[in-house]
Amino acid sequence: KWSPDWPFGGTQLAWSPDGAQLLYVAASPAGNGTDLWLINADGTGAPVNITAAPGDDFHPTWCGDGSIWFTSLRANNTHQIFTTTLADYDNGLRPRNISGTHNFPREYDPVLLPDGDCQRLMFVTTLQGRPEIWRYFLDCPNCYRVVRTERDNNGAAEEPALSADGVYIAYTRRIAETAEIVVGEALNRLVNVQVTDSGANSQPQFSPDGQWLVFTSTRDGNREIYRMARDGAGQTNLTQDAATDTDPVWQPVALP
């Protein structure tokens, strides 16, 4: 479904909390950019376009209550974070603009904190110039602050991922032409370890038990999916083929 002409690197799969459905990014049949589509993980039924609207929709993620969060360019062609539910879609309700509730709208790549209330999220923002990872609590508007930054390195902090218990954060550190994966303690900005070193690594995702990461790497000259332990040990190419492999995600639970 992915077009190499898109400004993001793939179909950006996202599992539902129960592991039964997948969201993915694909072109709008109306030619209005990209939309979020829903499919059943067992292959039954037809894909459903749940965000059909002018402007690209991408970066989908789910929260435990079934809410769906994503980045969209539908508002003034600016990166903003929206949320919806499948019930809202069924009832014809528009997604809600979360970025419009606070003081700077250019935000993208949302990740929900695994605390169960689906009111607290991290995302990437350019509020201070370079891309940084910030947090925002819907139930605490003043709790809006930086979580990870690479400004001191003239770099960017992007693609945040959280372990299921909320203890660890992984993200992509981009400096000049290099991209590396960094892992740290989510609540301690001073504890960060770069766990890759080939200069071409991105899109980290934690396993459900928090012990492993999958990620994308072009270290072999082609985009491949790798796996490694959380500390960077045992980096292994899982795909090893000539095709483009991208956007790895772990299924949260096993299907019967």
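Residues numbered from 1 in each chain as written. Predicted model: local features only at pLDDT ≥ 70, side-chain atom pairs only at ≥ 80, totals over all residues. Heavy atoms only, no water.

**Q** Before we move on, could you go through the pattern of salt bridges and cite the residues and values that matter?
**A** Enumeration according to the criterion identifies seven salt bridges in this entry. With a closest N to O distance of 3.9 Å, Asp115 and Arg120 form a salt bridge. Assessed through its relative accessible area of 39%, Asp115 is described here as partly exposed. Through salt bridges with shared partners, a single network forms among Asp115, Arg120 and Asp139. (Salt bridge = Lys/Arg side-chain N within 4 Å of Asp/Glu carboxyl O. Buried < 20%, exposed > 50% of the residue type's maximum accessible area, 1.4 Å probe, protein only.)

**Q** Provide a residue-level description of the side chain of Ser67, including the pertinent values.
**A** Secondary-structure assignment places Ser67 in the loop between strand S5 (57-62) and strand S6 (68-72). Only 2.9 Å separates the side chain of Ser67 from the side chain of Trp69, close enough to count as a polar contact. (Helix = DSSP H or I, 4+ residues; strand = E, 2+ residues; numbered from the N terminus. Polar contact = N/O pair within 3.5 Å; in protein donor to acceptor, adjacent residues only side chain to side chain.)

**Q** Describe the state of the cysteines, listing the residues and the values that go with them.
**A** In total, this model carries two disulfides according to the counting rule given. Disulfide partner of Cys140: Cys143, at an S-S distance of 2.0 Å. Taking the torsion about the S-S bond as the criterion, the Cys140 to Cys143 disulfide, at about 60°, is right-handed. The class of Cys143 is buried, set by a relative accessible area of 19%. Shown here for the protein chain is a disulfide pattern of 1-2, 3-4, where each number marks a bonded cysteine counted in sequence order. (Disulfide = S-S within 2.5 Å.)

**Q** Residues and numbers for the packing of aromatic side chains, please.
**A** The full count for this structure, using the stated rule, is seven aromatic pairs. Ring centres of Trp6 and Phe8 lie 5.6 Å apart, and the angle between their planes is 45°; on these two criteria the pair is classed as tilted. The exposure class of Trp6 is buried, given its relative accessible area of 16%. Aromatic side chains Trp134 and Tyr144 sit 5.1 Å apart centroid to centroid with 50° between the ring planes, which places their arrangement in the tilted category. Of this pair, Trp134 sits in strand S11 (residues 132-137) while Tyr144 sits in strand S12 (residues 140-148), and the two are 10 residues apart along the sequence. Assessed through its relative accessible area of 8%, Trp134 is described here as buried. An aromatic cluster is built from Phe123, Trp134, Tyr136 and Tyr144, whose rings are joined through pairwise contacts. The cationic tip of Arg120 hangs over the ring face of Phe137; the distance from NZ or CZ to the ring centre is 4.4 Å. (Phe/Tyr/Trp six-rings, centres within 6.5 Å; stacked < 30°, edge-to-face > 60°. Lys NZ or Arg CZ within 6 Å of the ring centre and 35° of its normal.)

**Q** Residues and numbers for the layout of surface pockets, please.
**A** Size it by volume and the second largest pocket reaches roughly 220 Å³. Lining the second largest pocket are 15 residues, with Leu113, Met122, Gly166, Ala186 and Leu187 sitting closest to its centre. Where the lining of the second largest pocket is concerned, the elements lending two or more residues are S11 and S12. When the residues that make up the lining of the second largest pocket are grouped by side-chain class, the tally is eight nonpolar, one polar and six charged. (1 Å grid on protein atoms, 1.4 Å probe; cavity = no way out; pocket = protein on both sides within 12 Å on 5 of 7 lines; lining within 4 Å. Points joined across faces, edges and corners; volume = space filled by probe spheres on them. Nonpolar A, V, L, I, M, F, W, Y, C, P; charged D, E, K, R; others polar.)

**Q** Could you give me a rundown of the sheet that holds strand S19 (residues 224-229), with the residues and numbers involved?
**A** Within a beta sheet, neighbouring strands are joined by backbone hydrogen bonds and run either parallel or antiparallel to one another. The four strands are arranged S17-S18-S19-S20 in an open sheet whose pairing can be described as antiparallel. The open sheet has two edge strands, strand S17 (201-206) and strand S20 (236-237), and neither has a second partner. (Pairing = 2+ DSSP bridges.)

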